[in-house]
Amino acid sequence: MKSRDEIFKEGRKVVKKIIDQAAETARAETDNVPEPGLTGDFTFPVKATLNKGLEGAITGSTGIGYVNGEKGWLLYRGYNIFDLAANCDFEEVIYLLLYGDLPDVHELEAFKKKLIGYRSIPEVVIDVLKKIPTPHTHPMAALRTAISVLGTLDATADDCSVDAEREVAIRLIAQLPGVVAAIARIREHKRLVPQDISCTHACNFLYTMTGESPIDINNISEAIMNVALILHADHGMNNSTFTGIVINSSLTDMYSSIVGAIGSLKGPLHGGANERVLYMLEEIGNINKVEEWFKDARATKRKLMGFGHRVYKAYDPRGRVLKPLAKKLAEDHPDFMKLYDIAEKLDDLVCKKLGKEKRIFPNVDFYSGLVYRSLGIKSAMFTPIFAVSRIVGWTARALEYLQTNRIMRPRAVYTGDLKKKLIPIEKRKK
Ligand SMILES: CC(C)(COP(=O)(O)OP(=O)(O)OC[C@H]1O[C@@H](n2cnc3c(N)ncnc32)[C@H](O)[C@@H]1OP(=O)(O)O)[C@@H](O)C(=O)NCCC(=O)NCCS
């Protein structure tokens, strides 16, 4: 009989082949697109043209990651996302983002041990989660609360040196999968599953979420969860990352920064979109209805969930990877394949019409929900899974900024009166 690790290795091989194929297509299609010019030497002050929603604003410089929206490329610390997704453990990518380069065998071994050592969740957090009313409380609200509770339990939380905050970051990265899994199971009134300290971050997460013994998880599930975690780990100066940096820049504590970032990610214009994509596909319901639904959505100016991006004006590279993985997972499940077919048709229509007119393409959230659904995960848990991964980018970037910290403090243009006369309350009439 094959060992669990052998089964997982086979899964990784299958998934690598799919990603390598997607990467080849992406490179062939986009290699010649010119650089948009957001790389290279940088010093303040900088001249930029600003638009609503801080479009065009530059918050500083970073060595962590780069989104080339014209090509549809994503780099972490210089490495292309396709190469990382095809070849790495999520743990290697955590190390890369936090420490600046990929670990060697010994560094990775030690880092994995450290993460495993931090996995357990204090009982008081579980107690609080059990008291949160379900189902009307969104899991992201529960997650925000859990991180806040973890902060109250850490006597070192207010030490805002880079070393102390990095330690908090690693602990939170290790604990988040267990917290999210606990939220998922408490919502469904299921017994909590103890962490499996003998397996990878991705495997343990799936195991504690679904309750299936890791050995029973079909051989590509672990590999696909590993890839999904890698793809979501960092993404430029997005709304939640910026939120985390802004909060951390007041020299508060890392827990507060992560609580804020989770609150931001929850929104439907950001991480909350993945859950809504599934509702949208279910609402369409049938491949024959896609065209009519799309026509109506355009006529009523409805936002299409999982499409469009502030930075990408090309097909999102993470979507290029998740799309064939969603298809692979759906192959053995007619119900999932039905949803996949609807998604693929909508993707085609949007690319043909809105891609040409407005450069709107599918983003990471369009196919991630289909992947998670096929792994047996409920829609409401999709955005928390995003957080399990993005906490790496949040903390890496907050730590990078902390090294040369200056409090974030922009201004707004005042449009009110300048010289109003104060009228005593008894004489005010409205
Ligand atoms: C991601 C998002 C918030 C980016 O917002 P933004 O940079 O402020 O872009 P805007 O909302 O200004 O959109 C620019 C134009 O494209 C249109 N557009 C953008 N995303 C669209 C979408 N998903 N469906 C339909 N039209 C869209 C806007 O209506 C606008 O058209 P107009 O110029 O005719 O008014 C936006 O594309 C969106 O809401 N997408 C859906 C939610 C989602 O998938 N979020 C996850 C992002 S990873």
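Everything discussed here concerns the structure shown above.
Residues numbered from 1 in each chain as written. Predicted model: local features only at pLDDT ≥ 70, side-chain atom pairs only at ≥ 80, totals over all residues. Heavy atoms only, no water.

(A) Main features of a nonpolar patch on the surface. On the surface, L38, F42, F44, V46 and I58 cluster together into a nonpolar patch covering about 440 Å² of accessible area. Inspection of the secondary structure assignment puts L38 in the loop between helix 1 (4-30) and strand 1 (65-68). (Patch = residues over 30% accessible without salt bridge, like charges linked within 9 Å, V, L, I, M, F, W, Y side chains within 5 Å. Areas by Shrake-Rupley, 256 points an atom, 1.4 Å probe, with all protein chains shown as cover. Salt bridge = Lys/Arg side-chain N within 4 Å of Asp/Glu carboxyl O. Helix = DSSP H or I, 4+ residues; strand = E, 2+ residues; numbered from the N terminus.)

(B) How the structure looks around the side chain of R119. Secondary-structure assignment places R119 in the loop between helix 4 (105-117) and helix 5 (123-131). For the buried R119, no salt bridge is present, and the opposite-charge side chain at shortest range is E91, 4.8 Å distant. When sequence neighbours within four positions are dropped, the list of residues in contact with R119 reads A174, Q175, Q195, D196, I197, C199, T200, H201 and N204. (Buried < 20%, exposed > 50% of the residue type's maximum accessible area, 1.4 Å probe, protein only. Lys, Arg positive; Asp, Glu negative; His and termini not counted. Contact = heavy atoms within 4.5 Å.)

(C) Quick peek at helix 8 (residues 201-210). Buried residues dominate helix 8, accounting for nine of its 10 residues. Buried within helix 8 are the following residues: H201, A202, C203, N204, F205, L206, Y207, T208 and M209. Following helix 8 by one or two positions, G211 has its phi on the positive side, about 80°.

(D) Focus on the pattern of salt bridges. Under the criterion given, the structure shown has 23 salt bridges. The shortest N-O distance in the salt bridge between E167 and K114 comes to 2.8 Å. One end of the pair, E167, is in helix 7 (residues 162-187); the other, K114, is in helix 4, and 53 residues separate them in sequence. By relative accessible area, which is 25% here, E167 ends up partly exposed. On the basis of relative accessibility, which here comes to 30%, the residue K114 falls in the partly exposed class. For D316, the salt bridge goes to R318, with nearest N and O atoms at 2.6 Å. Looking at D316, the relative accessible area reads 0%, which means it is buried. Among the residues examined, R318 registers a relative accessible area of 2% and is labelled buried. In the salt-bridge network here, residues are joined through shared partners; they are R12, D89, K112 and E222.

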